[in-house]
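Analysis of the macromolecular model
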Amino acid sequence: RSAEMAKLTQLIDNEVFRAYATYSAIVLLKMMLMSLITAYFRITRKAFVNPEDTASFGKGESAKKYLRTDGDVERVRRGHLNDLENIVPFLGIGLLYALSGPDLSTALLHFRIFAGARIVHTFAYLIPLPQPSRGLSWAVGYAVTISMAYKVLKTALYL
Amino acid sequence: RSAEMAKLTQLIDNEVFRAYATYSAIVLLKMMLMSLITAYFRITRKAFVNPEDTASFGKGESAKKYLRTDGDVERVRRGHLNDLENIVPFLGIGLLYALSGPDLSTALLHFRIFAGARIVHTFAYLIPLPQPSRGLSWAVGYAVTISMAYKVLKTALYL
Amino acid sequence: RSAEMAKLTQLIDNEVFRAYATYSAIVLLKMMLMSLITAYFRITRKAFVNPEDTASFGKGESAKKYLRTDGDVERVRRGHLNDLENIVPFLGIGLLYALSGPDLSTALLHFRIFAGARIVHTFAYLIPLPQPSRGLSWAVGYAVTISMAYKVLKTALYL
């Protein structure tokens, strides 16, 4: 069993794979932060969607008025969904890319630009910054993922 | 080729990786169940969103009245989206965690608590149970994922 | 380090894993295409959700009228979310399935049917085709994922 463990550890010892692990963890933690920001705005704006969440505000009509949508809450939720739509492809394609034997420097370039673009995208969405800030940061992350997918398909194509 | 296969099989023979595979499959199957529950409520509550889905109820106005939102359908959909938001980080970070060489008992503890928390979360959302049931079960799964991310970054950090 | 690289490359040289990489990349690229289609409809239908996205149409009331929902935009967004709900389980369970040592021909059958079903699902949703086209294509992809999950749990079960 220690021989197996050694083999597994080799994977996490590979520098490209370690870089993938690091940047994947970073973008996933950033995405998870969106849940906390949503909860923060729901509580401070008193804007909930489930009746059981407003029970502490009293019963009946007094609590019902907090079952409403709020612009800030909806904005964070759109940013969260956009993260899901873009970080899921990064995780899947990035893993295959890391296993496809890229140069370490090329791989780092891809991972760093993607993570940076998604962090900029979050600020652009939440502040919000004027366009095309959000659009451009989205497009940069998208292009990085396409570039990794191209390398994966070139290396591994088996239809 | 059989030598390669042997190496792949070693990964799935590793106990930590097998535990990851088992609990990942369980939480993904649980998440997939949300689609069936949504379909069940859409059909029994006659609440659809696409016009082509109501064609069997007749044409024109008689079918149009089934294009509506329903509280139960929306509740299941929120639970499904919450699963996506939380199970995607578990899958990505959990895979890296399983490859980072944790103790088997520690890994099992993480995987079991996460899976249990998400199952409780689903019941808390769908029944619904009074708060803080849903909030606490969400927070437990969140904390487990953060704990795994910490181990991944401590083991693999390569910026 | 070159020995480690060799081992990583063995994974991507395995035919089942290459097939998984190929079909994963295909369905993820297809899912990413939904973002572009959403953007296309938002621009051509002039239907936006963020005020900063309509700034180029002028200030005040003249721009505000483009903050609206549009049937075609919402349809693409539903297709995109359905992709997320179904492709995330495929990625996670499919990876574990590819590592569980299936026959190459059986694995190819699973991957090809899943990818085909999701492509048909997208056309059925966007055109839209009359039901049960969309429902059936969804169910086929769902069944393929369940079949792979069964193999994973049979091979790896460790509770």
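These notes cover the structure that comes with them. (Residues numbered from 1 in each chain as written. Chains lettered and ligands numbered in written order. Predicted model: local features only at pLDDT ≥ 70, side-chain atom pairs only at ≥ 80, totals over all residues. Heavy atoms only, no water.)

**Some points on the interface of chain B and chain A**
Counting residues at the interface gives 38 residues for chain B and 40 residues for chain A. Seen at the junction of chain B and chain A, the total is three salt bridges. Between Arg134 of chain B and Asp53 of chain A there is a salt bridge; the shortest N-O distance is 2.9 Å. At the surface where chain B touches chain A, the tally comes to twelve residue pairs in polar contact (both at pLDDT 80 or more). Mapped by element, the contributors of at least two residues to the side of chain B that touches chain A are helix H1 (2-13), helix H2 (15-44), helix H4 (71-98) and helix H6 (133-156) of chain B. Looking at which element gives the most residues to the side of chain B that touches chain A, the answer is H4 of chain B, with twelve residues. (Contact = heavy atoms within 4.5 Å. Salt bridge = Lys/Arg side-chain N within 4 Å of Asp/Glu carboxyl O. Polar contact = N/O pair within 3.5 Å; in protein donor to acceptor, adjacent residues only side chain to side chain. Helix = DSSP H or I, 4+ residues; strand = E, 2+ residues; numbered from the N terminus.)

**Describing the side chain of His121 of chain A**
Residue placement: His121 of chain A occurs in helix H5 (residues 104-126). Here His121 of chain A falls in the buried class, since its relative accessible area comes to 2%. (Buried < 20%, exposed > 50% of the residue type's maximum accessible area, 1.4 Å probe, protein only.)

**Concerning the relation of the copies chain A and chain C**
Expressed as a screw operation, the relation of chain A to chain C combines 0.0 Å of axial shift with a rotation of 120°, fitting to an RMSD of 0.0 Å. In short, the pair behaves as if placed about a three-fold rotation axis. Measuring from the rotation axis to each C-alpha of chain A, the shortest distance belongs to Val88 of chain A, at 4.3 Å. Of the interface residues in chain A, just 16% have counterparts in chain C that sit at the interface too, so the contact is made through distinct surfaces. (Least-squares fit on C-alpha atoms with pLDDT ≥ 70 in both.)

**What to know about the nonpolar core**
Within the largest apolar cluster, 100 residues are counted, with the highest numbers of intra-cluster contacts made by Phe17 of chain A, Phe17 of chain B together with Phe17 of chain C. When sequence neighbours within four positions are dropped, the list of residues in contact with Phe17 of chain A reads Leu11, Ile12, Leu95, Ala98 and Leu99 of chain A together with Leu96 and Leu99 of chain B. (Core = buried A, V, L, I, M, F, W, Y, C linked by side-chain atoms within 4.5 Å.)

**Here's the deal with the packing of helix H4 (residues 71-99) of chain A against H5 of chain A**
All names here are of chain A. Two elements in contact, H4 and H5, have axes whose closest approach is 10 Å; the angle formed by their N-to-C orientations is 175°. Between H4 and H5, the crossing angle belongs to the class labelled roughly antiparallel. Across the interface between the two elements, Arg75, Val76, Arg78, Gly79, Asn82, Asp83, Asn86, Ile87, Phe90 and Tyr97 from H4 touch Thr106, Ala107, His110, Phe111, Phe114, Arg118, His121, Thr122, Tyr125 and Leu126 from H5. The residue inventory of the contact of H4 with H5, partitioned by class, reads nine nonpolar, seven polar and four charged. (Axes fitted to C-alpha atoms, helices over the stretch in contact; angles between N-to-C directions. Parallel < 35°, antiparallel > 145°, perpendicular 65-115°, else oblique. Nonpolar A, V, L, I, M, F, W, Y, C, P; charged D, E, K, R; others polar.)

**A look at unusual backbone geometry**
In the segment running from Ile127 of chain A into Pro128 of chain A, the intervening peptide bond is cis, with an omega of -15°. Here Pro128 of chain A lies in the loop between H5 and helix H6 (133-156). The omega torsion across Gln131 of chain B and Pro132 of chain B is 10°, close enough to zero to call that bond cis. Within the secondary structure layout, Pro132 of chain B lies in the loop between helix H5 (104-126) and H6. A positive phi angle is found at Lys46 of chain A, which is not glycine, with a value near 45°. Counting through the fold element by element, Lys46 of chain A comes out in the loop between helix H2 (15-44) and helix H3 (61-64).

**A closer look at the relation of the copies chain B and chain A**
The operation relating chain B to chain A is a screw motion whose rotation component is 120°, with 0.0 Å of axial translation and a residual RMSD of 0.0 Å. Different-surface contact between copies: only 16% of interface residues of chain B are shared with the interface of chain A.

**Things to note about the packing of H5 of chain B against H6 of chain B**
Residues and elements named next belong to chain B. For the pair H5 and H6, the least separation of the axes is 8 Å and the interaxial angle reads 155°. Overall, the two elements H5 and H6 adopt an arrangement that is roughly antiparallel. H5 and H6 meet at a crossing whose hand is left-handed. Here H5 contributes His110, Phe111, Ile113, Phe114, Ala117, Arg118, Val120, His121, Ala124 and Tyr125 to the contact with H6, which in turn contributes Ser133, Arg134, Ser137, Trp138, Val140, Gly141, Val144, Thr145, Ser147 and Met148. Residue composition of the contact of H5 with H6, by class: eleven nonpolar, seven polar and two charged. (Left-handed = near helix turned anticlockwise from the far one by under 90°.)

The values reported here are purely geometric and, on their own, carry no functional implication.
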